[in-house]
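Structure at a glance
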Amino acid sequence: MEAASIAAGLPQTRLTVASHKLSSSSSKVGSVTSVSFLESLSAQTSLVLTASPIEKAAPIDAGSRGRKRNVVAQSFAAPSAGICPFDRTSSFQSQSQTAEEKIGLLLLNLGGPETLQDVQPFLFNLFADPDIIRLPRPFQFLQKPLAQLISVLRAPKSKVGYAAIGGGSPLRKITDEQAHAIKDALQAKDVSVNVYVGMRYWYPFTEEAIQQIKKDRITRLVVLPLYPQFSISTTGSSLRILENTFSKDAYLSRLPVSVIESWYKRQGYVKSMADLIEKELQTFSKPDEVMIFFSAHGVPVSYVEVAGDPYKDQMEDCIYLIMQELKARGVYNDHTLAYQSRVGPVQWLKPYTDEVLVELGKKGVKSLLAVPVSFVSEHIETLEEIDMEYRELALESGIESWGRVPALGCTSSFITDLADAVVEALPSAKAIAASSGSTGEIDNYDPFRYAIKLLFGSVLACVLLFSPKMFVAFRNQLL
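As recorded in an unreviewed UniProt entry, the chain goes by the name protoporphyrin ferrochelatase, listed as coming from Linum tenue. In UniProt, the chain has this text filed under Pathway (unreviewed entry): "Porphyrin-containing compound metabolism; protoheme biosynthesis; protoheme from protoporphyrin-IX: step 1/1."

On to helix H10 (residues 311–328), then. In a regular helix each residue adds 1.5 Å, so 18 residues correspond to 26 Å; H10 covers 26 Å between its end C-alpha atoms and thus fits that length. Of all the positions in H10, only Tyr-311, Gln-314, Met-315, Cys-318, Ile-319, Ile-322, Met-323, Glu-325 and Leu-326 are classed as buried. Down the axis of H10, the buried set is contained in an arc of 170°. They therefore lie on one face. Exposed side chains of H10 directed beyond 90 degrees from the buried face belong to Asp-313 and Ala-328. Elements in contact with the buried residues of H10: helix H8 (267–281), strand S8 (291–297) and strand S9 (335–340). Remark: Gly-330 follows H10 within two positions and exhibits a positive phi of approximately 85°.

Let us now look at the pattern of salt bridges. Under the defined criterion, the tally for this structure stands at 20 salt bridges. When the shortest N-O distance is used, the salt bridge between Asp-275 and Arg-329 registers 2.6 Å. One end of the pair, Asp-275, is in helix H8; the other, Arg-329, is in the loop between H10 and S9, with 54 residues separating them in the sequence. Accessibility expressed as a relative area gives 28% for Arg-329, which makes it partly exposed. Where Lys-312 meets Glu-316, a salt bridge forms, and the shortest distance between an N and an O atom there is 2.7 Å. Of this pair, Lys-312 and Glu-316 both sit in helix H10, four residues apart, which is roughly one turn of that helix. Judged by its relative accessible area of 36%, Glu-316 falls in the partly exposed class.

How each quantity is defined
- Residues numbered from 1 in each chain as written.
- Predicted model: local features only at pLDDT ≥ 70, side-chain atom pairs only at ≥ 80, totals over all residues.
- Heavy atoms only, no water.
- UniProt positions renumbered as here; feature names shortened; annotations may be inferred.
- Helix = DSSP H or I, 4+ residues; strand = E, 2+ residues; numbered from the N terminus.
- Expected span 1.5 Å × (residues − 1).
- Buried < 20%, exposed > 50% of the residue type's maximum accessible area, 1.4 Å probe, protein only.
- Arc of directions from axis to C-beta.
- Contact = heavy atoms within 4.5 Å.
- Salt bridge = Lys/Arg side-chain N within 4 Å of Asp/Glu carboxyl O.

Set out below in structure tokens:
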């Protein structure tokens, strides 16, 4: 979640967040399967909250993404599982395998700037997404100017963080390594798969990966978001790109697809996490006295309480499963869960990581092992926020011994389990029937009304954006 808190620092904005209500059925593949994504996101709920960087995602105009790179979606080989139809109005049709079947795996992740020069255009892509900052229809023409303003104001502070971890995000490099590792694991099982990496807000974009999948004439696809727990702000965001793109394309709408919406319950994941924790505990002089501190990325409370995001429940369930595995191995350390990366005036999931660290210091905790449970790759929120900011705060608060469990990355047991999930998912793939779509909005287009709205919106925008008091207040919220 490279930028999971940036947008949340905005002044309060009226957003519409789709309610995600899961109707799950258990499966070997993952904890949430056979879920109609559009149906589960159908109830539209009006919320007042700050924009969350990775709330529902819509395709970004390719012309506004920053300098173009010679990085067309790469093809490696694959993992994933769980059925998730994209179109709530679509009927799914089984498609028999053929001798010419080509299997694809699409790994989804957030993406991040690879250099300091990428930071501002990366932020622009983030805020240019109308599902991040949802403007009323008369003001939607302001989306890109507003995104430009926010990204310019925010970029200097963000650059400091990225400079501290080497000048850019390692997320793409690590994701590519995971793609290669999963490909090799599948080949060892005699399963030939093309693996594609699709990033939400930076290269290679998800849309590029989809086009490569189509170009390669893939006949069966598994989609694996690299987030163990489902959230409308991560997995939900990426799946929206897929639903929008697939439903409008005759070839893609007939492509059999399986999606792993969440996979934190898989034994391979749970055991791999327990292995890393158990190993890091042994680096302390008194392992039994170490507090295991799970730090998860936070989301605004409104996502959970109003929009029905299952993230909080899944996170708590995930921690329970990991601790049960540790107890089965004779590890009975105390543990706690807190949420990091909150920004802005709205309430986020509690307890907050920084506040809990101070409280633990006051209670006399001397040894602490931080576990970044939301992330399977190292990035700015592990390398800078946890390793630097929270470590410094913990030591200042009286904690004497600090350790941190690394992200899973390409841990062999973890990669093997993802490969198993892909194999398990393949038989469940089903095609999406082509949707006719509606052109009502185009048919109802009124040039005169649009011109009036454009004029009114321009005047109001000038008043809001160039008023000294408003500009200062807006800037203070961002910085």
